[in-house]
Amino acid sequence: MKQLILMRHGKSSWEYDVSDKDRPLKKRGINDAHLVAKTFGLHAPFIDFIYSSPANRALHTSMIFARNLEFDLSKYGVDDALYDFSGNSVEQFIRSLDNDLETVAIFGHNYAFTSLANTWGDQYIENVPTAGLVHITFGVDDWSKISEGTTKQMVFPKHLKK
């Protein structure tokens, strides 16, 4: 069985005159990433590898997640294919993952993550919010063959705040 964890980057700032890739997280984005990571960590499966988009906001979100789960950073990578908004590059990246990896977490962007969560999961999601996490399981042992999976868990910041 393959398990995919998609987590969208936290809320980012438009205050700085920097490129899109260099936009930082806002304080809310940092706090939400911690909240989602801690909540997911209560019942998290063993994660074989974490991959992140090279965008600053995704990298920062993934580091918050990894530290909260005390993740071994030797099993962490950054890939340009994950700096994708349509979902096409992210899908190709996931389908080409090493089949020795059972559970993988990917950090990136919308529209890609909402599209893939709806394509592969069995629960419709209007929009994966910033710092939103979707955990999907697949009854196959080959990443290239994933199709219709089961949305096992959704952890969205707004559901965790009082």
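Below is a short write-up of the structure. Since the model is a prediction, treat every value here as computed from it, not as a measurement.

This next bit is on the pairing of strand 1 (residues 2-8). Most of strand 1 is tucked away: seven of the seven residues are buried. Both faces of strand 1 are covered, namely the face carrying Lys-2, Leu-4, Leu-6 and Arg-8 and the face carrying Gln-3, Ile-5 and Met-7. In this structure, strand 1 lies alongside strand 5 (residues 133-138), joined through six bridges in antiparallel fashion. If you follow Ile-5 over to strand 5, its bridge partner there is His-135.

Let's shift gears to the side chain of Gln-3. Mapped onto the secondary structure, Gln-3 falls in strand 1. A relative accessible area of 10% places Gln-3 in the buried class. At 2.7 Å, the side chain of Gln-3 and the side chain of His-135 are in polar contact. The residues contacting Gln-3, other than those within four sequence positions of it, are Pro-45, Glu-102, Thr-103, Val-104, His-135, Ile-136, Thr-137, Trp-143 and Lys-152.

All right, on to the environment of Thr-103 then. Tracing the sequence through the fold places Thr-103 in strand 4 (residues 103-108). The buried category is assigned to Thr-103, whose relative accessible area is 3%. Distance in space between the C-alpha atoms of Thr-103 and Gln-3 is 4.5 Å, their sequence separation being 100 residues. Not counting residues up to four positions away in its chain, the partners in contact with Thr-103 are Gln-3, Ile-5, Pro-45, Phe-46, Ile-47, Asp-48 and Phe-49. Of the polar contacts made by the side chain of Thr-103, one reaches the side chain of Gln-3; its length is 3.4 Å.

Sheet architecture is open: six strands sit in the order 3-2-4-1-5-6, paired in mixed fashion. Edge positions in the sheet fall to strand 3 (76-78) and strand 6 (150-155), since each has one partner strand and no second. The average undirected angle you get between the axes of adjacent strands in this sheet is 20 degrees. In this fold helix 1 (residues 27-41) packs onto strand 1, strand 5 and strand 6, with an angle of close to 130 degrees to the strand it touches most, strand 6.

Before going further, it helps to spend a moment on the environment of Phe-107. Secondary-structure assignment places Phe-107 in strand 4. In the structure, Phe-107 is positioned 97 residues away from Gly-10 in sequence and 9.9 Å away in space, judged by C-alpha atoms.

Reading the values: the criteria
- Residues numbered from 1 in each chain as written.
- Predicted model: local features only at pLDDT ≥ 70, side-chain atom pairs only at ≥ 80, totals over all residues.
- Heavy atoms only, no water.
- Buried < 20%, exposed > 50% of the residue type's maximum accessible area, 1.4 Å probe, protein only.
- Helix = DSSP H or I, 4+ residues; strand = E, 2+ residues; numbered from the N terminus.
- Pairing = 2+ DSSP bridges.
- Polar contact = N/O pair within 3.5 Å; in protein donor to acceptor, adjacent residues only side chain to side chain.
- Contact = heavy atoms within 4.5 Å.
- Axes fitted to C-alpha atoms, helices over the stretch in contact; angles between N-to-C directions.

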